[in-house]
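Chain residues, written in single-letter form:
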Amino acid sequence: MNREHPMKMSKDILDFDYTSCSLQVLLERLKTSFKGLSEDDARGRLARFGTNEPAKKKNITIFFQILSKFLNPLVMVLFIIAGFSVFFGEKVSAMLVMSMAVISVFLSFIQEYRAGKEAQRLSEMVRATATVYRDGKPREVQIKEIVPGDVVDLFAGDMIPADLRIISCKDLFINQSTLTGESFPAEKTSDPAKPGSRGSAEVTNMVFMGSSVVSGTALGVAVKTGFATQFGELSGRLAAISTESGFDKGIRQFTWLMIYGMSVLVVIIFAINALMKGNTAQAFLFSLSVAVGLTPQMLPMLVAINLSKGAIAMSKKDVIVKRLNAIQNFGAMDVLCTDKTGTLTLDKIVLERHCDVVRRNDEDVLRYAYINSYYQTGLKNILDRAILKYEKLLVKQHRKIDEVPFDFSRKIMSVVVEVDGRHRIIAKGAPEEIYKRCAKFELDGEILDLDEGNLILVQLRQEYDTLSAEGVRVLAVAYKDFDQEKEKYSKEDEQDLILKGYIAFLDPPKPSVRKTIESLKSLGIEFKVLTGDNELVTKKICGEVGLDIKGFANGDEVEKAGDAALRELVKTTTVFARLSPLQKERVILALRENKRIVGYLGDGINDAPALKAADVGISVNNAVDIAKESADIILLKKSLLVLGDGVLEGRRTFGNILKYVKMGSSSNFGNMISMTGASLFLPFLPMLPIQILLNNFLYDLSQIAIPSDEVDQEYLLKSRPWDVAYIKKFMLALGPVSSVFDFITFGVLLFVFHASVPVFHTGWFLESLCTQTLVIYIIRTGKIPFIESKPSQFLMFTSIYIVTIALLIPFLPLGKHFGFEPPPPAYFIALALILALYLFSVQFVKSWFIKRYGYE
């Protein structure tokens with residue numbers, strides 16, 4: 001079936017203002033009627049417009065998913081190293097290196113594949129079927145078969161299957177919080193809207209795919225389906241978005257730093273050895289071996305192991321990690337942006353207050369509101385259900401006489417009950433509409449007249465405005481007793497009422513939010529709110545959760561701001577309200593352009609672009625599927641306190657990765673300086689190529705335990721993004737220290753022990769491997785002295801084990817295959833002194849470096 005973009009195919013019947021035109025014009029332009037389409041017409045339109053499905057990412061086969069992992073630069077470096085090993089004739093080394101690459105790839109793939117399966121159900125966002133009229137009769141069809149012009153029947157609980165113009169309805173309330181961020185259901189009518197407003201979710205005669213019916217019934221005609229719906233356009237945009245996270249960028253920059261280093265040293269060392277020693281082939285093999293030594297071969301595997309270990313630890317706390325790289329971004333995050341509705345709040349409307357006309361708590365107001373909600377026979381909306389939860393407080397029964405149903409013109413619902421032998425009408429509704437029908441008000445049990453100049457009414461409205469400013473949804477309650485009883489009552493009887501008081505509703509914050517904000521603040525993470533809800537409600541919730549609002553902006557300000565102005569605005573603004581989905585995305589991107597590592601927590605359709613744009617997207621298990629699809633991390637618990645645990649786990653994971661990066665880069669850089677110096681001054685190669693490979697291999701084996709290592713508590717208290725410039729400075733500062741002691745070792749071997757070439761190779765091999773293996777205990781911590789930080793037992797075991805193997809190899813038959821000869825016993829005393837002085841010197845230089853550049 002041809003699936004061209006519907007917008008290109010539908011201009012002839014959909015290119016008109018379908019929200020403001022009359023029903024007659026609407027049906028004529030869509031070539032339909034209240035009886036719906038014929039089956040033949042529907043089939044033709046389905047072929048023309050395509051199926052009613054949102055865009056999804058193309059399903060990539062497992063083979064290509066695995067193949068994409070092999071194209072990672074780090075993995076490619078490992079295969080280059082394996083190629084070098086084969087070229088040297090070291091088939092065992094080549095197999096080992098290739099095994100590292102394969103294990104790294106499959107660890108990463110399996111973890112992401114399993115976690116991703118739990119969140120890849122975007123099609124579940126809508127029901128499988130909907131009721132439409134075909135040939136004048138209602139019938140169930142699959143939602144993907146709905147086409148423009150279909151007339152759809154809607155009932156309470158239904159998901160909206162397409163973008164529909166309402167053509168008739170009764171008491172229709174729509175939950176569109178996932179689109180707009182509004183906590184309260186929106187009232188919908190069939191009346192034409194103002195011209196030019198068809199793109200807004202706030203249009204009163206439109207309902208949109210992905211929202212749902214809270215109460216009431218309606219008929220709607222489909223005007224947009226599939227890609228052309230607001231939901232479809234958003235999903236199409238998300239399917240095309242691909243952003244590079246801070247972690248991915250850091251890995252890429254570090255990889256290329258190593259590649260550039262290899263390239264330069266290969267040329268320099270080859271030139272030196274070829275010119276000075278005359279053996280071009282040997283010089284070429286040696287220079288390639290040096291390049292292999294500069295590469296931290298275990299980095300891909302250690303990254304995968306660290307991230308997998310972090311994902312397993314987070315899964316035990318009911319956090320699903322969809323993309324492994326997100327763990328580091330989670331820890332590096334220094335600003336968390338979050339939606340309000342359903343994320344900070346319970347997404348559950350409760351009765352917040354019941355008060356008299358001067359905002360004092362009044363149980364009578366609650367009783368009157370309860371009677372109104374209890375005795376009405378229409379569909380109980382979300383506000384009625386919040387009131388009726390107080391039934392244990394209101395047990396007195398009344399005899400119902402009549403009711404006046406709610407309608408959108410009056411915005412009032414009234415019931416008539418018998419109280420003390422008299423008929424009493426109790427009205428509940430929009431304050432402005434109640435005021436119009438009131439002649440008196442009640443205060444402290446007294447019934448007082450509203451004065452002719454309406455001064456008292458102005459004061460009453462001010463009380464209402466003050467209450468509304470607290471960010472709550474307010475309804476007014478009024479009543480009147482009838483002297484003459486009637487059998488039937490109508491809206492004309494809603495006159496000369498007595499204003500009783502107000503009831504106020506709120507979507508309250510989650511109990512864990514305040515502690516979460518405090519926890520994140522203690523971890524150095526700034527908290528910002530990005531919501532589609534209005535300013536008053538947002539300020540109310542932010543105040544209740546203890547968020548210090550330093551700056552406030554709305555969607556209009558974001559829309560008018562250029563990119564540069566927005567980058568300045570986000571620096572000083574804590575709360576953004578009335579944001580559209582794309583405005584949320586702009587705010588996230590502006591923060592990232594300011595070099596911030598940004599997390600975004602959201603659960604609605606309107607959060608999906610922001611989730612995708614952030615360095616790490618976080619959602620919750622009860623979120624809409626498009627939000628879970630866009631997220632990197634999913635919280636299974638309702639409590640947000642797990643966020644702090646996740647941040648700490650991310651920092652712990654990154655801390656251990658960085659230990660290897662700093663140690664490997666500085667040690668290898670030092671070795672390369674030593675290699676270059678030795679090539680200049682020695683008449684022979686300072687170490688054989690096979691010995692360099694063995695040195696590198698044993699050293700890397702000693703670091704396998706790093707993922708199990710402890711991380712200092714002080715290190716976890718600060719966000720630490722990838723900083724390749726810092727790593728480069730660290731490498732340049734500490735690398736030469738090892739070179740100095742390499743040169744000391746050269747001098748001791750040549751001038752003290754008058755070592756032969758094989759003994760020289762052996763002596764430097766031992767010194768090089770021991771210094772590289774033991775220096776981890778200084779580099780792994782920012783504490784001075786380093787013995788104040790306790791390493792893991794596994795790390796201590798691997799270090800001792802590898803150093804022991806290195807010291808024994810020259811004395812074993814295996815050593816001869818690598819060209820080793822046992823050095824004299826006195827050399828081991830010299831080696832111990834060199835190691836002690838080296839570790840002391842590294843501690844001294846590290847202390848200076850931390851004072852100047854800090855500890856990352």
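Given the structure is predicted, the values throughout are model-derived calculations rather than measurements.

Rules used in this analysis
Residues numbered from 1 in each chain as written. Predicted model: local features only at pLDDT ≥ 70, side-chain atom pairs only at ≥ 80, totals over all residues. Heavy atoms only, no water. Patch = residues over 30% accessible without salt bridge, like charges linked within 9 Å, V, L, I, M, F, W, Y side chains within 5 Å. Areas by Shrake-Rupley, 256 points an atom, 1.4 Å probe, with all protein chains shown as cover. Salt bridge = Lys/Arg side-chain N within 4 Å of Asp/Glu carboxyl O. Helix = DSSP H or I, 4+ residues; strand = E, 2+ residues; numbered from the N terminus. Buried < 20%, exposed > 50% of the residue type's maximum accessible area, 1.4 Å probe, protein only. Pairing = 2+ DSSP bridges. Axes fitted to C-alpha atoms, helices over the stretch in contact; angles between N-to-C directions. Contact = heavy atoms within 4.5 Å. Phe/Tyr/Trp six-rings, centres within 6.5 Å; stacked < 30°, edge-to-face > 60°. Lys NZ or Arg CZ within 6 Å of the ring centre and 35° of its normal. Parallel < 35°, antiparallel > 145°, perpendicular 65-115°, else oblique. Left-handed = near helix turned anticlockwise from the far one by under 90°. Nonpolar A, V, L, I, M, F, W, Y, C, P; charged D, E, K, R; others polar. Polar contact = N/O pair within 3.5 Å; in protein donor to acceptor, adjacent residues only side chain to side chain.

A cluster of nonpolar side chains, contributed by F79, M98, V102 and F106, occupies part of the molecular surface with about 300 Å² of accessible area. It is helix α7 (residues 91-117) that contributes the most residues to the nonpolar patch, three residues altogether. Along the chain, V102 falls in helix α7.

Here the residue pair I784 and P785 is connected by a cis peptide bond, since its omega of 0° sits within 30 degrees of zero. With respect to the helices and strands, P785 occurs in the loop between α30 (776-779) and α31 (793-808). One non-glycine residue, K595, lies in the positive phi region at around 70°. Structurally, K595 can be placed in the loop between α22 (581-593) and β21 (598-601).

Applying the stated criterion across every chain, the model contains 35 salt bridges. Between D356 and R360 there is a salt bridge; the shortest N-O distance is 3.1 Å. Given the relative accessible area of 6%, D356 is considered buried. Overall, the relative accessible area of 38% leaves R360 in the partly exposed class. Of the charged contacts, one joins R586 and D563 as a salt bridge, the two residues approaching to 3.3 Å between their closest N and O atoms. Here R586 is found in helix α22, whereas its partner D563 is found in helix α21 (residues 563-572), with 23 residues between them in sequence. Each of E39, R134, R139 and D150 takes part in salt bridges that share partners, so that together they form one network.

Let us now look at the sheet that holds strand β23 (residues 633-635). In any sheet, the strands associate via hydrogen bonds between backbone groups, in a parallel or an antiparallel arrangement. Across the sheet, which stays open at both edges, the eight strands sit in the order β8-β23-β22-β21-β9-β18-β20-β19 with mixed pairing between neighbours. Across the chains shown, the open sheet's two edge strands, defined by having one partner strand only, are β8 (319-321) and β19 (552-554). Averaged over all pairs of adjacent strands, the angle between strand axes in this sheet comes to 20°, irrespective of strand direction. Bridge analysis of β19 against strand β20 (residues 575-577) gives three bridges, and the strand direction is parallel. Opposite A553, over in β20, you have F576 as the bridge partner. In the packing of α22 onto the sheet, contacts are made with β9 (335-338), β18 (526-530), β20 and β21, and the angle to β21 comes to roughly 155°.

This part is about the packing of aromatic side chains. Under the counting rule described, the total for this entry stands at 27 aromatic pairs. Note on F730 and F849: the rings are 5.4 Å apart at their centroids and 90° apart in plane angle, and the pair reads as edge-to-face. Pair noted here: F730 is in helix α28 (residues 724-752) and F849 is in helix α33 (residues 825-853), with a separation of 119 residues, a long-range link. Since its relative accessible area comes to 2%, F730 is described here as buried. Among the residues examined, F849 registers a relative accessible area of 1% and is labelled buried. Among the aromatic side chains, those forming a connected cluster through ring pairs are F684, F743, F746, F760 and W764. Between the NZ or CZ atom of K662 and the centre of the ring of F730, over which it lies, the distance is 5.2 Å. When the ring centre of Y715 is taken as origin, the NZ or CZ atom of R720, which lies over that ring, is 4.1 Å away.

Now for the packing of helix α26 (residues 689-702) against helix α29 (residues 757-774). Where α26 contacts α29, the axes come no closer than 10 Å and their chain directions differ by 25°. By the angle between their axes, α26 is roughly parallel relative to α29. At the point where α26 passes α29, the crossing takes the right-handed sense. Taking contact as the criterion, the partners of Q691, L694, N695, L698, Y699 and S702 in α26 are, on α29, H761, F765, S768, L769, Q772 and T773. In terms of residue class, the contact of α26 with α29 is built from five nonpolar, seven polar and no charged.

All right, on to the side chain of T229 then. Residue position: T229 is located in the loop between β7 (212-224) and α9 (230-240). Taking relative accessible area as the criterion, T229 reaches 0% and is therefore assigned buried. Within the structure, T229 has its side chain in polar contact with the backbone oxygen of G226 (distance 2.9 Å). In this structure, T229 is in contact with D163, M209 and K224, ignoring residues within four places of it in sequence.

The two faces of a sheet get side chains in turn, since along a regular strand they alternate between them. Strand direction decides the pairing type here: strand β1 (residues 129-134) and strand β2 (residues 137-142), joined by six bridges, are antiparallel. Bridge assignment links A130 to a residue of β2, and that residue is V141. Linking two consecutive strands that pair antiparallel, namely β1 and β2, is a turn of two residues; a positive phi of about 55° is found at D135 within it.

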